[in-house]
Amino acid sequence: MKNTTHFAVLTLEIFIPGSHTLKDKRTVIKSLKAKLRNKFNISVTESAYHEKWQRAQIVTAEVSTDKKYLDSSVQKIISFTEDQLTGYGELISQEIVIQ
């Protein structure tokens, strides 16, 4: 039986109301990206809104042979992100692609 490799791409759009400068925003986003990498061993990048003070888009990616694992992992990443943003910002949209 052939193993199939699957991937999950999660796009998260974040609003950071307390951010008044790009430095404020980058502090929050840099910390969140590091925590996501360390906890979930995933690839993470900021992909849009680079010059917006209160908005960010983060994309995560991971690969597995188990599609159910990816689905569960994505849900955990979303929950973790929401928890980490408490007091700093909020998750305003998410897009999940698992193939």
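In this report, we go over the structure that sits alongside the text. (Residues numbered from 1 in each chain as written. Predicted model: local features only at pLDDT ≥ 70, side-chain atom pairs only at ≥ 80, totals over all residues. Heavy atoms only, no water.)

## Focus on the packing of helix α1 (residues 22-40) against helix α2 (residues 67-85)
A pair of packed helices can be characterised by two numbers: the angle between their axes and the separation between those axes. Viewed as axis vectors pointing N to C, α1 and α2 meet at an angle of 140 degrees, and their least axial separation amounts to 11 Å. As for the relative orientation of α1 and α2, their crossing is right-handed in sense. Contact with α1, carried on its side by Val28, Leu32, Lys35, Leu36, Lys39 and Phe40, involves Lys76, Ile77, Phe80, Thr81, Gln84 and Leu85 of α2 and no other residues of that element. Broken down by class, the residue content of the contact of α1 with α2 amounts to 7 nonpolar, 2 polar and 3 charged. (Axes fitted to C-alpha atoms, helices over the stretch in contact; angles between N-to-C directions. Helix = DSSP H or I, 4+ residues; strand = E, 2+ residues; numbered from the N terminus. Left-handed = near helix turned anticlockwise from the far one by under 90°. Contact = heavy atoms within 4.5 Å. Nonpolar A, V, L, I, M, F, W, Y, C, P; charged D, E, K, R; others polar.)

## Quick word on the side chain of Glu13
When you line up the elements, Glu13 lands in strand β1 (residues 6-15). Leave out the neighbours within four places in its chain, and Glu13 touches Tyr49, Arg55, Ala56, Gln57, Glu90, Leu91, Ile92 and Ser93.

## A short note on the pairing of β1
Within β1, 7 of the 10 residues are buried, which leaves the element mostly enclosed by the surrounding structure. Note that β1 and strand β3 (residues 55-64) share 10 bridges and pair antiparallel. Bridging across to β3, Val9 finds its partner in Ala61. Pairing between β1 and strand β4 (residues 90-98): 8 bridges, direction antiparallel. Residue pairing for β4: Ala8 is matched across the bridge by Ile98. (Buried < 20%, exposed > 50% of the residue type's maximum accessible area, 1.4 Å probe, protein only. Pairing = 2+ DSSP bridges.)

## Observations concerning the pairing of β3
Inspection of the sheet shows strand β2 (residues 43-48) paired to β3 by 5 bridges, in the antiparallel sense. Bridging from a neighbouring strand, Val44 pairs with Thr60 of β3. Hairpin connection between β2 and β3: a loop of 6 residues separates the two successive antiparallel strands, and Tyr49 in this loop has a positive phi of roughly 60 degrees.

## Here's the deal with the environment of Tyr88
Structurally, the position occupied by Tyr88 is in the loop between α2 and β4. In sequence terms Tyr88 and Phe15 are 73 residues apart; their C-alpha atoms lie 8.8 Å from each other.

## Regarding the sheet that holds β3
Taking strand neighbours across the sheet as the criterion, the 4 strands line up as β2-β3-β1-β4 in an open arrangement whose pairing is antiparallel. Looking at which strands have only one partner, the edges of the open sheet turn out to be β2 and β4. With direction set aside, neighbouring strand axes in the sheet form an average angle of 20 degrees. Along the sheet, α2 makes contact with β1, β3 and β4, crossing β4 at roughly 170 degrees.

In short, shape yes, function no, at least from these values alone.
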